[in-house]
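# Structural overview
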Amino acid sequence: MAGGSGTRLRPLTCDLPKPMVPILNRPIVGHLVNLLRHHNITEIIITLHFLPDAIRNYFGDGLDWGAVFHYVVEEDEPLGTAGSVKNVESLLHETFVVISGDSVTDVDLTEAIQFHHQNRSVATLVLRRVPDPMAFGVVITDSRGKILRFLEKPAQSEVFSDTVNTGIYILEPEVLKFLPPKTPADFSQDLFPLLLREGVPMYGYITDAYWCDVGSLEAYRQAQYDAIRGRVNLQLDYLQPRTGLWVGHNTIIDPTATIEAPAMIGDNTYIGAHVSIAAGTIIGNHVTIEAHADLQRPILGNGVFVGEESRLWSCTVGRNVRIGRRSHIMEGAVIGADCTIGEEACILSNVRVWPSKQIEPGASLNHNLIWGAVARRNLFGQRGVSGIANVDITPEFAVKLGAAYGATLKPGDHVMVSRDQRTICRMISRSIISGLMSVGINVHNLEATAIPIARFMAPKLETAGGIHIRIDPDRGDHILIEFLDRTGINISKEKEKKIESTYFKEDFRRARIEEIGEITYPARVLDYYNSGFAAQLDIDAIRQSRCNKVVIDYVYAVSGAVLPRILGKFGSDVVVLNASLNELGAAPRERERMLLQLQEVVRALQANFGAQVSANGEKLILVDEGGNAIEGEELTGVMIEMALTAQPGGTVIVPVNVSSMVEVIASRHQGQVIRTKANPSAVMTAAVRTTNAVICGCAEMGFIFPQLHYGFDSMFSIAKIIEWLTVQKRTIGEVRARLPRFHHQLQTVRCPWSIKGSLMRHLVESQNPEFLELVDGVKIFSGDHSWVLILPDAHEPSVHIYANSDQEGWVESRLKQYQIHVESFCRLQTALSQDTALLEVR
């Protein structure tokens, strides 16, 4: 059994290990010990790190609990879930159970252990089906329960099942031989993937019992309310004067008080005259509630004092808090231990107050009583932090985000910051820089710079990372903040989680005056990019190019200030449209109008081709010599055809949802295709890890040329097109005509968030595994190049259905078939959940 600090449960766990947080007035770990004893498990090893004495003092030698306790303290750094168990290997000689110290459950361990032995399993995971699997490790098993695949804490687009890992394991001692001693290791991320690769038999025992991972304040409150309503079987030592009401020993309740069941009132507690206690209220031990107080489902810790006529609504109050008369604490507020709330003070909804704070009488608190605003559930989306400009992404938010990122780095590190030309991005950039400097991080400020140039410069400046701020290419009213690593690609999910954790803890270091970070403005950035750009091109071919006239539309973006200067040095005759910087840029409809204008100009000038650059220099649309726009799957095919003609036998990297045209083109040129998840970060990461990649990406994201840098770069794409057309002696129209004919269609279907996981599991379980691919979403093959892909949307309550084939009729029929199938499944699941809710109300 493992204990932890519980950062997402702050301010309740600042001075208390998370396993010691009470559920129905008993620590979580106390309920777990009762569960183990109920199933005749009486020798218990508890691994400790954060405030170990709190748990040791509570259990003592274990005699009062009818068990034998062993305590093992990790003195230095935490060893992780698996490393801490490896650390006690000498005490484990037979089948043993591992259970996380922060979960509330009544799982049948006896039945789970029998399942383990019946299947001759070496490692059995207790699994549970949940509506929202993103916060947990997702698992797929076969019909006998053997584990086939799992993924730790997936993003929305990665969900392939709603069956999750509960953190309860039945293991044989031999599994620990796979772990090195005294080395941090995690079960889900390290040991179990290794066992799966080695073919060690692992099984999943799926339980319908109650299970809640108390990993957040929301989960903590829900576990309390579920427990008081009897949804989990917990042992309670209180008296029950009537159904649904539990009252402790030596407790006094004034006869005029009204109490609705279910409710719990602890030992040695006083309830004054005319106090109103609503159903769902949980009151700890040694609590005093003065007259006329109104308690609407609050959770009160031990030793709390509530003054007369105070109102507490669905809030959480830590131990030893004093609440003055006529105070009001509103829904979702959390008060840490040992705080004092003055008379007639008001704590507004969802405000968090850290321990030992004092609220003056009459004060109205609408923000957390530490630096920062109300914490968000998640910061990072598909490719960074995005939100409505100056509503979600405000200067205050940006300062805090910059400090959170800087706090994950070493003091004195350097970070590169760049942005697009908009004033709003300048404002947010300056706020982020302030946050970085406040925690001792130095800043290289590139100011208004196209993101491909920023990605190129990241390794040249030898920074610890980078941040780029721009208007979201897909949503014109949103700001997109992208975090880059040392190589210039987007940071990993693990790094995102670390920044999120730091942001939510609101526990940033503060640099002393002499440690405040400094700002520098690197010189000749464009010259460095220009040199790297030129080094990867056949300059002689470009200067002698048959493409003597190219038209480029920059849609008023910052790339318009860069590319004309670069191509001009190579002697290209470039006609420029909309190159001036514009504060608002171009909206999607305006870009469509500009594309029509570009097509007309290409025809009128009889240009070799045209290109429209967008997304701050990442994406492009081509126009061939006849004035025909080339975008979508056709553009992907044209770029890959030219790249592999130039470098036969090379590797191309594309996301999983791109047409199978790519494989046919690659086979013509003895090339190889690598498919990734359908997000830009996955493509960039694959580009870094693949040594012979010649081109990566697709029309929807842009194209990467790893020899220059690992980011999407439409500016370099245009220069390469000029080179390719000259060397290959053909036009874009001729390249387009040579593409294999494929039909590729997309249909988006609404699907509630709570149903996505069960939909993915249903699709996996209803198909022959031989025809499935689970790179991202669920891809179902019918022949070599005919397939349907069902891909959950990462931002919206919907799924995308892609159909691909060389037969148009097949695509249309399959698209309709799966659209009807998904819609029917969603309707059925919604109806079932509504029926369940109705039964609970009744």
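Residues numbered from 1 in each chain as written. Predicted model: local features only at pLDDT ≥ 70, side-chain atom pairs only at ≥ 80, totals over all residues. Heavy atoms only, no water.

This paragraph deals with the sheet that holds strand β23 (residues 299–300). Spatially, the eight strands line up as an open sheet ordered β13-β14-β17-β20-β23-β26-β29-β32, and their pairing is mixed. Among the strands making up the open sheet, the edge pair consists of β13 (239–242) and β32 (352–353). Pairing of strand β14 (residues 245–247) with strand β17 (residues 263–265) involves three bridges; the strand directions are parallel. Bridge assignment links Trp246 to a residue of β17, and that residue is Met264. (Pairing = 2+ DSSP bridges. Helix = DSSP H or I, 4+ residues; strand = E, 2+ residues; numbered from the N terminus.)

Right, let's talk about the packing of aromatic side chains for a bit. Summed over the entire model, instances satisfying the criterion amount to 18 aromatic pairs. Summarising the aromatic geometry, the rings of Tyr169 and Phe187 are spaced 5.0 Å apart at their centres and angled 55 degrees between planes, so their arrangement reads as tilted. With Tyr169 in strand β10 (residues 163–171) and Phe187 in helix α5 (residues 187–198), this pair connects stretches of sequence that are 18 residues apart. Just as Tyr169 is buried, Phe187 falls in that class too. Measuring from ring centre to ring centre gives 4.9 Å for Tyr169 and Phe192, while their planes differ by 80 degrees; the resulting arrangement is edge-to-face. Here Tyr169, found in strand β10, pairs with Phe192, found in helix α5; they are 23 residues apart in sequence, far enough to count as distant. Both residues of the pair, Tyr169 and Phe192, belong to the buried class. Ring pairing ties together the aromatic residues Phe456, Tyr529, Phe533, Phe705, Phe716 and Trp724, which thus form one cluster. (Phe/Tyr/Trp six-rings, centres within 6.5 Å; stacked < 30°, edge-to-face > 60°. Buried < 20%, exposed > 50% of the residue type's maximum accessible area, 1.4 Å probe, protein only.)

Another point: the pattern of salt bridges. Tallying each qualifying case throughout the model produces 31 salt bridges. Two residues, Glu89 and Lys86, come together in a salt bridge whose shortest N-O distance is 2.9 Å. When sorted by exposure, Glu89 lands in the same class as Lys86, which is buried. Between Glu344 and Arg326 there is a salt bridge, and its shortest N-O distance comes to 3.8 Å. Note that Glu344 is positioned in the loop between β30 (340–341) and β31 (346–347) and Arg326 in the loop between β27 (322–323) and β28 (328–329), a separation of 18 residues in sequence. (Salt bridge = Lys/Arg side-chain N within 4 Å of Asp/Glu carboxyl O.)

As a further point, take the confidence of the model for the chain. Detailed reading of the predicted coordinates is not advisable wherever pLDDT falls low. Per-residue confidence for the chain averages 89 on the pLDDT scale, and 92% of its residues sit at or above 70. Note that pLDDT drops below 50 for residues 371–377; the model gives that stretch 26 contacts with residues more than four away or on any other chain. Low pLDDT, under 50, characterises residues 836–842; the predicted model gives this stretch one contact beyond four residues in sequence or across chains. (pLDDT = per-residue confidence, 0-100. Contact = heavy atoms within 4.5 Å.)

Here we come to the packing of helix α9 (residues 451–460) against helix α11 (residues 525–535). Between two packed helices, what matters for the description is the angle formed by their axes and the separation of those axes. Taken N-terminus to C-terminus, the directions of α9 and α11 make an angle of 85 degrees; their axes are 10 Å apart at the nearest point. Comparing their axes, α11 and α9 come out roughly perpendicular. Facing α9, whose interface residues are Pro452, Ile453, Phe456 and Met457, α11 presents Val525, Leu526, Tyr528, Tyr529 and Gly532. The residue inventory of the contact of α9 with α11, partitioned by class, reads eight nonpolar, one polar and no charged. (Axes fitted to C-alpha atoms, helices over the stretch in contact; angles between N-to-C directions. Parallel < 35°, antiparallel > 145°, perpendicular 65-115°, else oblique. Nonpolar A, V, L, I, M, F, W, Y, C, P; charged D, E, K, R; others polar.)

The next thing to look at is unusual backbone geometry. Across the junction of Ala261 and Pro262, the peptide omega takes the value 0 degrees, indicating a cis bond. Assignment of secondary structure puts Pro262 in the loop between β16 (258–259) and β17. Although it is not a glycine, Arg524 adopts a positive phi angle of roughly 60 degrees. Within the element layout of this structure, Arg524 appears in the loop between β40 (519–520) and α11. Positive phi values are uncommon outside glycine, yet Gln670 reaches one of about 55 degrees. In this structure, Gln670 sits in the loop between α16 (661–668) and β47 (672–676). On the accessibility criterion, Gln670 (59% relative accessible area) is exposed.

A few words now on the sheet that holds β16. An order of β16-β19-β22-β25-β28-β31-β34 is seen for the seven strands of this open sheet, with the pairing classed as parallel. Every other strand in the sheet has two partners, leaving β16 and β34 (364–365) as the edge strands with one partner each. Across two bridges, the pairing between β28 and β31 is parallel. Counted as the bridge partner of His328 is Cys346 from β31.

A word on the side chain of His31. Here His31 shows up in helix α1 (residues 28–38). Setting aside anything within four residues of it in sequence, one finds His31 in contact with Ile23, Arg26, Leu234 and Gln235.

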